[in-house]
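Structural features, examined
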Amino acid sequence: MKILLDAMGGDNAPKSTVQGAADAVKEFGDGMTLALLGDEAKIKAAAQELGVDLTPFELIHCTEDVDMHDDPVKAVRHKTDSSLVKGLTMLKSGEADAFVSAGSTGALHVGTSLIVRTVKGVKRPALATCMPGKKQPFLLLDCGANAECRAEMLNAFGTMGSVYMNKVMGRKDPAVALVNNGAEDTKGTPMYREAHGLLKANPAIRFVGNIEPRDIMAGEVDVIVCDGFVGNVVLKLTEGVAGTLLGMLKDIFMQSIVTKLCYLGVKGGLRNLKHMMDSEEIGGAPLLGAAKPVIKAHGSSKAKGIKNAIRQAKLCVANDLCGTMQSALAEVAAKAAAEKTDAK
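Residues numbered from 1 in each chain as written. Predicted model: local features only at pLDDT ≥ 70, side-chain atom pairs only at ≥ 80, totals over all residues. Heavy atoms only, no water.

What the 11 strands build is an open sheet, ordered β3-β2-β1-β4-β11-β10-β5-β6-β9-β7-β8; its pairing is mixed. One side of each edge strand has no neighbouring strand; the edge strands of this open sheet are β3 (58–61) and β8 (206–211). For this sheet the average axis-to-axis angle between neighbouring strands, irrespective of direction, equals 25 degrees. Pairing of strand β2 (residues 33–38) with β3 involves 4 bridges; the strand directions are parallel. Pairing of Leu37 across the sheet is with Ile60, part of β3. Packing of helix α11 (residues 303–318) onto the sheet brings it into contact with β1 (2–6), β2, β4 (98–101), β10 (284–288) and β11 (294–297), and relative to β11 it is tilted by some 160 degrees. (Pairing = 2+ DSSP bridges. Helix = DSSP H or I, 4+ residues; strand = E, 2+ residues; numbered from the N terminus. Axes fitted to C-alpha atoms, helices over the stretch in contact; angles between N-to-C directions. Contact = heavy atoms within 4.5 Å.)

Here we take up the side chain of Arg171. One can find Arg171 in the loop between α6 (151–167) and β7 (175–179). Setting aside residues no more than four positions away along its own chain, Arg171 makes contact with Gln136, Pro137, Met165, Asn166 and Asp222.

Scanning all chains against the criterion turns up 1 cavity of 30 Å³ or more. Put simply, the largest cavity is a space of about 50 Å³. For the largest cavity, the full set of lining residues is Pro286, Leu287, Leu288, Gly289, Ala290, Lys292, Pro293, Val294, Leu321, Cys322 and Met325. (1 Å grid on protein atoms, 1.4 Å probe; cavity = no way out; pocket = protein on both sides within 12 Å on 5 of 7 lines; lining within 4 Å. Points joined across faces, edges and corners; volume = space filled by probe spheres on them.)

Per the stated rule, a full pass over the model turns up 13 salt bridges. Arg311 is paired through a salt bridge with Glu27; the nearest N and O atoms lie 2.7 Å apart. Remark: Glu27 occurs in helix α1 (residues 15–28) and Arg311 occurs in helix α11; sequence separation between them is 284 residues. Taking relative accessible area as the criterion, Glu27 reaches 46% and is therefore assigned partly exposed. In this structure, the salt-bridge partner of Glu40 is Lys44, at a minimum N-O distance of 3.0 Å. Of this pair, Glu40 and Lys44 are both found in helix α2 (residues 40–50), 4 residues apart, which corresponds to roughly one turn of the helix. The class for Lys44 is partly exposed, based on a relative accessible area of 43%. Here the residues in one salt-bridge network are Glu27, Lys307 and Arg311, joined through shared partners. (Salt bridge = Lys/Arg side-chain N within 4 Å of Asp/Glu carboxyl O. Buried < 20%, exposed > 50% of the residue type's maximum accessible area, 1.4 Å probe, protein only.)

This part takes up the packing of α1 against α2. For the pair α1 and α2, interaxial distance at closest approach is 9 Å and the crossing angle is 65 degrees. α1 and α2 meet at a crossing whose hand is right-handed. Across the interface between the two elements, Lys15, Val18 and Gln19 of α1 pack against Ile43, Ala46, Ala47, Glu49 and Leu50 of α2. Split into classes, the residues belonging to the contact of α1 with α2 amount to 5 nonpolar, 1 polar and 2 charged. (Left-handed = near helix turned anticlockwise from the far one by under 90°. Nonpolar A, V, L, I, M, F, W, Y, C, P; charged D, E, K, R; others polar.)

The next point concerns the pairing of β10. Counting buried positions along β10 gives 5 out of 5 residues, so the element sits mostly inside the fold. Residues of β10 alternate between two faces, with Gly284, Pro286 and Leu288 on one and Ala285 and Leu287 on the opposite face, all of them buried. In terms of strand pairing, strand β5 (residues 126–131) meets β10 through 2 bridges, oriented antiparallel. Of the residues in β10, the one forming a bridge with Leu127 is Leu287. Strand direction decides the pairing type here: β10 and β11, joined by 3 bridges, are antiparallel. Along β11, the bridge assignment pairs Ala285 with Lys296. As consecutive antiparallel partners, β10 and β11 are separated by 5 residues, and within that stretch Gly289 has a phi angle of approximately 105 degrees, a positive value.

In structure tokens form, the structure reads like this:
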């Protein structure tokens, strides 16, 4: 298995990517070859500063870099020797099994759509990330790849999310909900109301209706669907609130000797809570619908986030996520066609 890592992608690259790659090789490197794409001199300088041995890695020199402020389409078309575009091109040509990047979400999404392409039946891939819920983790999509969506795209996200949770996560008959500002069918913008109707009529999923933002973290449903703008806000707000609350709890417990003693009694539980709410533990989100595994790590990822994004890529390849998605979507399409024929 060969996995490509965009060593120049992310706010903390290349230090975070080099250290994350080193940690990944040390922890779960068996059966995996890891290639680092980027400015070779900068990668070697970062490795020297961190004390990382680059011997286990393949270095692929790139002369260009995709900046977060670059226009995604122009960057993909013109910066062909950037670590992001070269990585996607190598993935497309079969030179690797998966690609990981913490770089520009827009450029990665455009590059995946134009270069790697999508599985049959999917027009636009969606960023999907598992989030912690009170009852159980749930899948949120789209998390930022498609800021503006049509109703039929949200319907497709519901199908892809349901397939993923069933075939990859092992959830039987997963429940799908649509983010909205009210539980009633009539709530939301015209696009969301139309999406509600399409999801409700979708024979491939078990749609349970709208879900209000305050109920998302309960974890009562398996798949939560929204456009990329809303999903990105939900994701980042959740991360921010979790970090703030944990910090406030720490301040409360540090106020006096009595509160410090109380802290000792709940220390283990708080540690587990912090672990559960840490986005770095998940590492990355797969672009569901892509023809080959593409993992988007958080732009602010540190070494732990990069390491776990590589873990995600390895799991996707090992479980044949893309092949499973293609087969499952074909089954869904056949089932829908048969039901339509029976209805006539």
